[in-house]
Amino acid sequence: MAVSVPGQAKKQLNGITLLCMAFVICNSWAGIAGSLQLALRAGGPATLVYSILVATSAYLSIAASLAELAAVYPTAGGQYHFASILAPKRWRRGLSYTCGLLSLFSWLAIGVSVASIAAQQLLAIVSTSISGFEPKTWHVFLVYQGFALFAMLYTAFILKRNPWTHNIACYLHILTSLRWIPFVVMEQGFRSRTIAIAISSVTIILSLTIIIATQEASSRLAWSLARDDGLLFSRRLQQLHPRLDIPLWSLLLVWILTFLCGFIYLASQTDYTCVILGTCFLIGLANWWLHAKARYNGPVMDYLEASEPEPSDIFPVQSHKHCKSGELGV
């Protein structure tokens, strides 16, 4: 039986695939489409247009800053590593830990929210197709769990060998931007329930790609935190599966947390997102008091320093003895 071992994962994503993965997760077009009514009510078309321009300018600045940091410190930890590097020495430990958990739970909340929305969309299609069918809360719960389980299995056994999944998902997201229009509006606009169902079905499929991408990203972040001894059971979570070459235990942790969040929806649908965030906050506090307070000392940067190239590797200097008379050895 294969035993998981700690180590560094091999890079599998090129620049285009990484960009596609980020687009699939962020899905800004979906956010814009979903907030059209709010923007139009708040200030009309002018608000919609100029708010997009202002938000784009702000996020481009953030992206440029993060890109510069990522180019210097390309780590799986991302923001919480950057926080440790840039923060004053006195605050590094607390700020990096807080930033790491916030990032992890943010990824988790995205996956949970998308899974619950996709489950409701699927049951909405079923209810419009089958007369007399009324979706119950436990129906949504079961479909939600099915989506989460499928995403976990796909990420564990298929995604590593097929990273182009993110590329295809990105192209489909762009080509089918109309899918984010509410089902009733599409049905009235196209005057066809069949077309509305078809577009909504595409929405569900693409929602699965978002769940897959968020589980992949959050599992890598959990793996990075475990390598820095910031989570309970870090020795187990930091291990890579020898054959799959993925942090399988960290992926299972993300799936378990997603699974448990489903019970929150089963208990109450009121302020579902707020309850999830509150639960994540309590989990973070418990993890701090039970483990991280005594064990977490901030990100370990030794492997970064060991992998940094020497200046001569970047700008090779020619020896003077190999230079012709009168030439500089540069």
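Residues numbered from 1 in each chain as written. Predicted model: local features only at pLDDT ≥ 70, side-chain atom pairs only at ≥ 80, totals over all residues. Heavy atoms only, no water.

The chain goes by Amino acid/polyamine transporter I in an unreviewed UniProt entry, where it is assigned to Aspergillus caelatus. Looking at the Subcellular location (unreviewed entry) heading of the UniProt record, one finds this comment for the chain: "Membrane". (UniProt positions renumbered as here; feature names shortened; annotations may be inferred.)

Chemist: What am I meant to see in a nonpolar patch on the surface here?
Modeler: Together, W138, L142, I256, L260, F263 and L266 make up a nonpolar patch on the protein surface, roughly 570 Å² of accessible area in all. For the nonpolar patch, the elements supplying multiple residues, two or more each, are helix 7 (137-157) and helix 12 (248-267). If you tally residues by element for the nonpolar patch, the top one is helix 12, at 4 residues. The topology assignment puts L142 in helix 7. (Patch = residues over 30% accessible without salt bridge, like charges linked within 9 Å, V, L, I, M, F, W, Y side chains within 5 Å. Areas by Shrake-Rupley, 256 points an atom, 1.4 Å probe, with all protein chains shown as cover. Salt bridge = Lys/Arg side-chain N within 4 Å of Asp/Glu carboxyl O. Helix = DSSP H or I, 4+ residues; strand = E, 2+ residues; numbered from the N terminus.)

Chemist: I'm lost on the pattern of salt bridges in this one. Help?
Modeler: If the charged atoms of two oppositely charged side chains come close together, the side chains can form a pair. Counting across every chain of the model gives 2 salt bridges. A salt bridge links K160 to D245, with the nearest nitrogen and oxygen atoms 3.4 Å apart. One end of the pair, K160, is in the loop between helix 7 and helix 8 (164-175); the other, D245, is in the loop between strand 2 (239-240) and helix 12, with 85 residues separating them in the sequence. In this pair, the class of K160 matches that of D245, namely buried. Taking the shortest distance from any N to any O, the salt bridge between R295 and D229 comes out at 3.2 Å. Placement of the pair is R295 in helix 13 (residues 272-295) and D229 in the loop between helix 10 (193-227) and helix 11 (234-237), with a sequence separation of 66 residues. (Buried < 20%, exposed > 50% of the residue type's maximum accessible area, 1.4 Å probe, protein only.)

Chemist: Before we go on, may I ask you to explain unusual backbone geometry in this structure?
Modeler: Excluding glycine, residues mostly have negative phi values, and the peptide bonds linking residues are mostly trans. Of note, F233 is a non-glycine position whose phi angle comes to about 60 degrees, a positive value. If you trace the backbone, F233 turns up in the loop between helix 10 and helix 11. A positive phi angle is found at D245, which is not glycine, with a value near 55 degrees.

Chemist: Would you mind showing me how to read the UniProt feature "transmembrane region" (unreviewed entry) in the chain here?
Modeler: According to UniProt, the positions carrying the feature "transmembrane region" (unreviewed entry) are residues 12-36, 48-73, 94-118, 138-157, 195-214, 246-266 and 272-290. Here residues 94-118 runs as 100% helix and 0% strand, with 36 Å between its end C-alpha atoms. Taken end to end, residues 195-214 is 100% helix and 0% strand, and its two terminal C-alpha atoms sit 29 Å from one another.

Chemist: Teacher, can you tell me more about the side chain of S250 here?
Modeler: Relative to the elements of secondary structure, S250 occurs in helix 12. Here the side chain of S250 touches W223 through a polar contact of 3.5 Å, landing on its backbone nitrogen. Each residue touching S250, except ones within four places of it in the same chain, is listed here: S219, A222, W223 and L237. (Polar contact = N/O pair within 3.5 Å; in protein donor to acceptor, adjacent residues only side chain to side chain. Contact = heavy atoms within 4.5 Å.)

Chemist: Would you mind going over the state of the cysteines with me for this structure?
Modeler: By definition, a disulfide is the covalent link that joins the sulfur atoms of two cysteine residues. Within this structure, the stated rule accounts for 0 disulfides. No disulfide involves C261; its sulfur sits 5.4 Å from the nearest other cysteine sulfur, which is in C280. The class of C261 is buried, set by a relative accessible area of 7%. (Disulfide = S-S within 2.5 Å.)

Chemist: How do you make sense of helix 8 when you look at a structure like this?
Modeler: One turn of an α-helix holds 3.6 residues; hence residues three or four places apart share an orientation. Between its terminal C-alpha atoms helix 8 stretches 17 Å, which fits the 16 Å expected from 12 residues at 1.5 Å a residue. Every buried residue of helix 8 is accounted for by T165, H166, N167, A169, C170 and H173. Along its buried surface, helix 8 packs onto helix 1 (15-26), helix 7 and helix 10. (Expected span 1.5 Å × (residues − 1).)

Chemist: What am I meant to see in the packing of helix 8 against helix 10 here?
Modeler: Two quantities define a packed helix pair, namely the angle between the helix axes and the distance between the axes. Between helix 8 and helix 10, the shortest axis-to-axis distance is 10 Å and the interhelical angle comes to 135 degrees. Accordingly, the angle class assigned to the pair helix 8 and helix 10 is oblique. The chirality of how helix 8 crosses helix 10 is left-handed. Taking contact as the criterion, the partners of H166, A169, L172 and H173 in helix 8 are, on helix 10, L206, T209, I210, A213 and E216. Here the contact of helix 8 with helix 10 is built from residues that sort into 5 nonpolar, 3 polar and 1 charged. (Axes fitted to C-alpha atoms, helices over the stretch in contact; angles between N-to-C directions. Parallel < 35°, antiparallel > 145°, perpendicular 65-115°, else oblique. Left-handed = near helix turned anticlockwise from the far one by under 90°. Nonpolar A, V, L, I, M, F, W, Y, C, P; charged D, E, K, R; others polar.)

Chemist: Would you explain the nonpolar core in this entry?
Modeler: The nonpolar side chains of a soluble globular protein tend to be buried with one another. Ranked by size, the top nonpolar core spans 50 residues in total, and within it L108, F147 and I211 carry the most contacts. Among the secondary structure elements, those contributing two or more residues to this core are helix 1, helix 6 (92-129), helix 7, helix 8, helix 10, helix 12 and helix 13. If near-sequence neighbours (up to four positions away) are discounted, L108 is found in contact with V254, L257, T258 and C280. Listed in part, the 6 residues of the second largest apolar core include M152, A156, L244 and L251. (Core = buried A, V, L, I, M, F, W, Y, C linked by side-chain atoms within 4.5 Å.)

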